[in-house]
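# Structure at a glance
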Amino acid sequence: MAQTMSFVIVVTILLSAPLCFAHKSSGGGGGSLYPQFYDRSCPKAKEIIKSIVAKAVAKEARMAASLLRLHFHDCFVKGCDASILLDSSGSIISEKGSIPNQNSARGFEVFDEIKSALEKACPSTVSCADIMAIVARDSTVISGGPSWEVPLGRRDSTGASLSGSNNNIPAPNNTFETILTKFKLKGLDIVDLVALSGSHTIGDARCTTFRQRLYNQSGNGQADFTLDQSYASQLRARCPRSGGDQNLFFLDFVTPTKFDNSYFKNLLASKGLLNSDQVLVTKNQQSMGLVKQYAENMELFFQQFAKSMLKMGNISPLTGSRGEIRKNCRKINS
């Protein structure tokens, strides 16, 4: 990970480095991930997935962010293996009940619809983990963001990890160092952290995720001084000291349903909604420099977002003989 590399060099590397679409998996069991994995076994898979995602987002624009978020919350726990989609049953305790997911993770019915359609087209062929990776890309593109070829060949987990979901997923009130450490543990660096945080250019957050910034940021009964005060006043109007926990607020109030670089511009104006957003500017010089670059150059942000999504999508995938191909994304086959 680069600590002192000049931003000029960083920009040069990002602009000149080609995207690599075939990844040697780190999940064991042999095999690599590559975009053409289903070209023969299920040639219409990508088309089927895209059409259902497009329909879901047309019905509710917020769904794009919800579907993209599920991929993040899946990959940070046990790798990109669709463990987040499992319901509790038998020895499985679902990750859906974890602190990061409870009352907030949503969009599971979209995966049910996709899986049902794929099972009719090509039974027991396309993994739920691969569906999640494709859906994350499609949700980004439909919202106006960048596209990338998704390496495929992941298999599905036969278990879940509630503790992993509680401990591994970065939280809105985590310190910058804690968030960066959680990224590093997954093989991601500070550039990935800033770029992937840019997904907050779409979607909503609940009052309960940022209330402390409005009323008691440091345990002293004072608001977060790094938050623009006029913006804070607007937030307090619908996020009181108590009650209204589930009230929703745009993560990017400027263009809430468009995938662009407004999120980074908001951070520079001290109008990041979550503490985990604003610390990218207030707690680290390198991350602040990256925020400035992405605020000034949306193309650069899009290029790095695609690269970082590819990198995140390759966290400990199950390949070869490991895992299974679930027939129903909510439950294991046996």
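The name that an unreviewed UniProt entry assigns to the protein chain is Peroxidase, with the source organism given as Rhododendron simsii. The protein chain has a UniProt comment under Subcellular location (unreviewed entry) that states "Secreted". Its UniProt record gives the protein chain the following Function (unreviewed entry) comment, quoted word for word: "Removal of H(2)O(2), oxidation of toxic reductants, biosynthesis and degradation of lignin, suberization, auxin catabolism, response to environmental stresses such as wounding, pathogen attack and oxidative stress."

## Things to note about the state of the cysteines
The bond known as a disulfide is covalent and runs between the sulfur atoms of two cysteines. Enumeration over the complete set of coordinates arrives at four disulfides. Here Cys42 connects covalently by a disulfide to Cys122, the sulfurs 1.8 Å from one another. In this pair, Cys42 sits in the loop between β2 (32–33) and α2 (45–59) while Cys122 sits in the loop between α4 (108–121) and α5 (128–142), placing the two residues 80 residues apart along the sequence. Residue classification places Cys42 among the buried residues on the basis of a relative accessible area of 4%. Take Cys122: its relative accessible area is 7%, and that puts it in the buried class. Each bonded cysteine of the protein chain gets a number by its place in the sequence, and the pairs then read 1-4, 2-3, 5-8, 6-7.

## Thoughts on a nonpolar patch on the surface
Together, Phe250, Phe253 and Val254 give the surface a local cluster of nonpolar side chains, amounting to about 270 Å² of exposed area. By secondary structure assignment, the location of Phe250 is in strand β4 (residues 248–250).

## Side note on helix α3 (residues 63–75)
Taking 1.5 Å as the rise per residue, α3 with 13 residues should run 18 Å; its terminal C-alpha atoms sit 19 Å apart, in good agreement. Tucked inside the fold, the buried residues of α3 contact α2, α4, α5, α8 (190–197) and α14 (298–312).

## A closer look at the side chain of Ser262
Structurally, Ser262 is set in helix α11 (residues 262–268). Here Thr255 takes part through its side chain, which lies 3.3 Å from a polar atom of the side chain of Ser262. In this structure, Ser262 is in contact with Asp252, Val254 and Thr255, ignoring residues within four places of it in sequence.

## Considerations on the packing of aromatic side chains
Taken as a whole, this structure holds 15 aromatic pairs when the rule is applied. Centroid distance Phe76 to Phe183: 5.1 Å. Interplanar angle 65°. Geometry classified as edge-to-face. Within this pair, whereas Phe76 is found in the loop between α3 and α4, its partner Phe183 is found in helix α7 (residues 176–184), the two being separated by 107 residues in sequence. Here Phe76 falls in the buried class, since its relative accessible area comes to 2%. Residue Phe183 is classed as buried on the basis of its relative accessible area, which comes to 6%. Among the aromatic residues, those joined into a ring-pair cluster are Trp148, Phe259, Tyr263, Phe264, Tyr294, Phe301, Phe302 and Phe305. We note Lys96 situated over the ring of Phe108; from NZ or CZ to the ring centre the distance is 4.2 Å.

## Some words on the packing of α2 against α5
One can describe the packing of α2 onto α5 by two numbers: an axis separation of 9 Å at closest approach and a directional angle of 50°. Classified by the interaxial angle, the pair formed by α2 and α5 is oblique. As α2 packs across α5, the resulting crossing turns out to be right-handed. Between α2, through Lys46, Ile49, Lys50, Val53, Ala54 and Val57, and α5, the contact on the second element is made entirely by Ile131, Ile134, Val135, Asp138, Ser139 and Ile142. Its residues assigned to classes, the contact of α2 with α5 comprises eight nonpolar, one polar and three charged.

## A short note on the UniProt feature "active site" (unreviewed entry) in the protein chain
When the UniProt feature table is mapped to this numbering, "active site" (unreviewed entry) covers His73. Looking at the secondary structure, you find His73 in helix α3. Residues within four places of His73 in sequence aside, it is in contact with Ile84, Pro100, Asn101 and Ile169.

## Observations concerning the UniProt feature "site: Transition state stabilizer" (unreviewed entry) in the protein chain
Look at the UniProt record and you will see "site: Transition state stabilizer" (unreviewed entry) annotated at Arg69. Mapping Arg69 onto the fold places it in helix α3. With a relative accessible area of 31%, Arg69 lands in the partly exposed category. Setting aside residues up to four positions removed in sequence, Arg69 forms contacts with Pro100, Ser104 and Ala105.

## Looking at empty space enclosed by the protein
Empty space among the atoms becomes apparent when a probe as large as a water molecule is rolled across them. Here the structure, examined in full by the defined rule, presents one cavity of 30 Å³ or more. As for the largest cavity, its lining consists of His71, Ala133, Ala136, Trp148, Val150, Pro151, Arg154, Met309, Leu310, Gly313 and Asn314. Those elements that provide at least two residues to the lining of the largest cavity are α5 and α14. In terms of residue class, the lining of the largest cavity is made up of seven nonpolar, three polar and one charged.

What counts, and at which threshold
Residues numbered from 1 in each chain as written. Predicted model: local features only at pLDDT ≥ 70, side-chain atom pairs only at ≥ 80, totals over all residues. Heavy atoms only, no water. UniProt positions renumbered as here; feature names shortened; annotations may be inferred. Disulfide = S-S within 2.5 Å. Helix = DSSP H or I, 4+ residues; strand = E, 2+ residues; numbered from the N terminus. Buried < 20%, exposed > 50% of the residue type's maximum accessible area, 1.4 Å probe, protein only. Patch = residues over 30% accessible without salt bridge, like charges linked within 9 Å, V, L, I, M, F, W, Y side chains within 5 Å. Areas by Shrake-Rupley, 256 points an atom, 1.4 Å probe, with all protein chains shown as cover. Salt bridge = Lys/Arg side-chain N within 4 Å of Asp/Glu carboxyl O. Expected span 1.5 Å × (residues − 1). Contact = heavy atoms within 4.5 Å. Polar contact = N/O pair within 3.5 Å; in protein donor to acceptor, adjacent residues only side chain to side chain. Phe/Tyr/Trp six-rings, centres within 6.5 Å; stacked < 30°, edge-to-face > 60°. Lys NZ or Arg CZ within 6 Å of the ring centre and 35° of its normal. Axes fitted to C-alpha atoms, helices over the stretch in contact; angles between N-to-C directions. Parallel < 35°, antiparallel > 145°, perpendicular 65-115°, else oblique. Left-handed = near helix turned anticlockwise from the far one by under 90°. Nonpolar A, V, L, I, M, F, W, Y, C, P; charged D, E, K, R; others polar. 1 Å grid on protein atoms, 1.4 Å probe; cavity = no way out; pocket = protein on both sides within 12 Å on 5 of 7 lines; lining within 4 Å. Points joined across faces, edges and corners; volume = space filled by probe spheres on them.

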